[in-house]
Amino acid sequence: MKSLDRFVRALRRLPGVGPRQAERFAAYFLRASQGETEEFISALSSLKQDIKLCQTCFCYSETEQCPICADKDRDHSQICVVEDPQDIEVLEKTKAYKGVYHVLHGAISPLDGRSAEHVKVRELLTRVQNAQPPVREIIIATDPDSEGETTALYLADLLRGQVEQITRIGYGVPLGGDIDYIDEMTLGYSLKGRTKI
């Protein structure tokens, strides 16, 4: 069945969806009512039409400026740089950060042929140079993998002298964690990033 195979192949392109899961999703849509299927198609169509990138931070938004960038109560002199829009949701759930964000839409990865030109680094630099009030601190919150570390070091070099303070989110022992079960790399980072009590 060509239509079914085509749909399963399309579903397999989604991140984290393997062949069996794609087949289960396809079977669900075959059993679903016409109304459920049309609602799904309509929601997907609206997503592509209505969602755009915020002109300031490049997060997903239905307006020219996302609610965080438009919020005058946020600290616009503090920018937290993240790789993906989903990272903002995670950070916002902590309720610990009151600044604004900048989304790179990826990380620098020389092995994958992705340079600073492929992510929103130039836009960050322009934003910092034109910011009113001036940017006081850049918090780099890229992933703790080789691409994230490469990106963090590149950004720190690029922005040095442009802002008062450049910081990197800490890594370490999770709350409630047992040191016996923590990998060496995480433990090493937590020792380097220790704080005075």
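Summarised in this report is the structure supplied together with it. Since this is a predicted model, take the numbers as computed values, not measurements.

Reading across the sheet, the four strands line up as 4-3-5-6 and stay open at both edges, with parallel pairing between neighbours. At either end of the open sheet lies a strand with only one pairing partner, and these are strand 4 (99–103) and strand 6 (165–168). For this sheet, the mean inter-axis angle between neighbouring strands, taken without regard to orientation, is 25 degrees. In this sheet, strand 6 lies alongside strand 5 (residues 137–140) in parallel orientation, the contact comprising four bridges. If you follow Ile-140 over to strand 6, its bridge partner there is Arg-168. Sheet strands in contact with helix 6 (residues 121–130) are strand 3 (75–82), strand 4 and strand 5, and its direction is about 150 degrees off that of strand 4.

The tendency in soluble globular proteins is for nonpolar side chains to be buried as a group. Residues Leu-124, Ile-138 and Leu-155 are the most contacted members of the largest nonpolar core, which totals 34 residues. Mapped onto this core, the elements with two or more residues apiece are helix 4 (67–70), strand 3, strand 4, helix 6, strand 5 and helix 7 (146–159). In this structure Ile-138 touches Ile-79, Val-81, Leu-124, Val-128, Leu-159, Val-163, Gln-165, Ile-166 and Thr-167, once residues within four positions along its chain are discounted.

All right, on to the packing of aromatic side chains then. Taken as a whole and judged by the stated rule, the model has four aromatic pairs. Judged by centre distance (5.4 Å) and plane angle (75 degrees), the ring pair of Tyr-28 and Phe-29 falls under edge-to-face. Members of the aromatic cluster, connected to one another through ring pairs, are Phe-7, Tyr-28, Phe-29 and Phe-40.

Now for the packing of helix 1 (residues 2–12) against helix 2 (residues 19–31). A packed helix pair is summarised by two numbers, namely the angle formed by the two axes and the spacing between the axes. At a closest axis distance of 9 Å, the pairing of helix 1 and helix 2 adopts a crossing angle of 125 degrees. As summarised for this structure, helix 1 and helix 2 are arranged oblique, according to the angle between their axes. Our pair here, helix 1 against helix 2, has a crossing hand that is right-handed. For the pair helix 1 and helix 2, the contacting residues are Leu-4, Phe-7, Val-8, Leu-11 and Arg-12 in the first and Pro-19, Ala-22, Glu-23, Phe-25, Ala-26, Phe-29 and Leu-30 in the second.

The rules behind the values
Residues numbered from 1 in each chain as written. Predicted model: local features only at pLDDT ≥ 70, side-chain atom pairs only at ≥ 80, totals over all residues. Heavy atoms only, no water. Pairing = 2+ DSSP bridges. Helix = DSSP H or I, 4+ residues; strand = E, 2+ residues; numbered from the N terminus. Axes fitted to C-alpha atoms, helices over the stretch in contact; angles between N-to-C directions. Contact = heavy atoms within 4.5 Å. Core = buried A, V, L, I, M, F, W, Y, C linked by side-chain atoms within 4.5 Å. Buried < 20%, exposed > 50% of the residue type's maximum accessible area, 1.4 Å probe, protein only. Phe/Tyr/Trp six-rings, centres within 6.5 Å; stacked < 30°, edge-to-face > 60°. Parallel < 35°, antiparallel > 145°, perpendicular 65-115°, else oblique. Left-handed = near helix turned anticlockwise from the far one by under 90°.

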